[in-house]
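# Report on the structure
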Amino acid sequence: MLKIFRSLVPESFRDKYRLKKIIKKYGILAGKESKINNSSFFEGGNSINNNTEILDSYLGYGSYISNNSIIRKTKIGRYCAIGDYVRTCIGMHPASEFVSIHPAFFSTNRQAGFTYTNETIFEEHKYIDKEKKYVVEIGNDVWIGNNVIIFDGIKIGDGAIIAAGAIVTKDVSPYTIVGGIPAKLIKSRFDEKIISFLNEFKWWNKDKNWIQENAHYFRSIDEFYKKFNE
């Protein structure tokens, strides 16, 4: 009887019901037409804006994602700001050894509704972990501008900034600013002394009360360094 009832309920209604359960479970903010699946995890204090899709991903505390982004199989650290039209989990096709780039010749996933192979003989995604759960890792305190594409297998370090419109094809070092197609180093945010200190200090792992009490030091990297560099 329950199965019959479910079949009579429109999929759009079921999607909204599942989304409400996820929003309530993690206490997140979700905009209109946003999509989040049950395999995603949120540490809290997260915001997912309009028409953004989050699938099989992990969001650290305080991280938010703006409008019209597609985030799949991505592990995101704490206190990240991700802009509009950001895309992860792009996938790959063979470019040299195979005669054709079409997945019907190397995948059993039937992307076009059919396949010519009985086994997957080319990995469509490049994973960053042994469990093959995530294809992109974004560190803590990372700012990603609008219209950024991040290729599979990429790790973005803590404190990095990705300029708008960049296509990221290589790992990004902590506290660097990259941009362009493909993304290249523009400059480091701080000198090596400060970066080394921040990499070791990892302020985002402090509890919320500590951060709130010391938030006024975040206005100046020099003051922050003098206060907490012991």
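For the structure, see preceding data.
Heads up: these notes are all about the structure in this document. Along each chain, numbering runs from 1 in the same order as the chain's sequence is written. Local features in this predicted model are restricted to residues whose pLDDT is 70 or higher, and side-chain atom pairs enter the listing and the counts only when it is 80 or higher, whereas totals over whole chains, interfaces and linings include all residues. Hydrogen atoms and water are omitted, and side-chain values are computed over all heavy atoms in the structure.

This paragraph deals with helix α5 (residues 221-228). Working definition: with a 1.4 Å probe on protein chains only, accessible area under 20% of the residue-type maximum means buried, over 50% means exposed, and in between means partly exposed. In DSSP terms, a helix is any run of H or I states spanning at least four residues, a strand is any run of E spanning at least two, and both are numbered starting from the N terminus. For α5, the full list of buried residues reads F224, Y225 and F228. Taken around the axis of α5, the buried residues stretch over an arc of 100 degrees, which confines them to a single face. By definition, the arc is the one covered by directions from the helix axis to the C-beta atoms.

With that out of the way, let us pick up the packing of aromatic side chains. Between rings of Phe, Tyr and Trp, where Trp is taken as its six-membered ring, a pair exists when centres lie within 6.5 Å; planes separated by under 30 degrees are stacked, by over 60 edge-to-face, and by other angles tilted. Applying the stated rule across the entire model yields 21 aromatic pairs. Centre to centre, the rings of Y79 and W203 are 5.1 Å apart; their planes meet at 50 degrees, and the pair counts as tilted. Here the residue Y79 occupies a position in the loop between β9 (74-76) and β10 (81-82), and W203 occupies one in the loop between α3 (192-201) and α4 (208-213), the gap between them amounting to 124 residues. Summarising the aromatic geometry, the rings of F98 and F106 are spaced 6.0 Å apart at their centres and angled 80 degrees between planes, so their arrangement reads as edge-to-face. Of the residues examined, F98 reaches a relative accessible area of 25% and is grouped as partly exposed. Overall, the relative accessible area of 0% leaves F106 in the buried class. Against the face of Y58 rests K75, its NZ or CZ located 5.8 Å from the ring centre. Criterion for a charge above a ring: Arg CZ or Lys NZ at most 6 Å from the ring centre, at most 35 degrees from the ring normal. For the cation-ring pair, K206 lies above F201, with the distance from its terminal atom to the ring centre recorded as 4.9 Å.

What follows concerns a nonpolar patch on the surface. For patches, a residue must show more than 30% relative accessible area and have no salt bridge; joins then use 9 Å for like charges and 5 Å for nonpolar side chains, namely Val, Leu, Ile, Met, Phe, Trp and Tyr. Exposure was quantified through the Shrake-Rupley algorithm and a 1.4 Å probe, taking into account, for residues, occlusion by the shown protein chains and nothing else. Note on definitions: salt bridges are taken to be side-chain nitrogens of Lys or Arg within 4 Å of carboxyl oxygens of Asp or Glu. Judged by side-chain polarity, I90, I149 and F151 come together as a nonpolar surface patch covering roughly 210 Å² of accessible area. Relative to the helices and strands, I90 resides in the loop between β10 and β11 (136-138).

With that out of the way, let us pick up the sheet that holds strand β6 (residues 58-59). Strand pairing in a sheet relies on backbone hydrogen bonds, with the paired strands running either antiparallel or parallel. In this description, strands pair whenever DSSP reports at least two bridges between them. Here we have five strands laid out as an open sheet, ordered β3-β6-β9-β11-β14, and parallel in their pairing. Of all the strands in the sheet, just β3 (41-42) and β14 (154-156) have a single pairing partner and so form its edges. Pairing between β9 and β11: three bridges, direction parallel. Bridging from a neighbouring strand, T74 pairs with V136 of β11.

The analysis is restricted to geometry; functional conclusions fall outside its scope.
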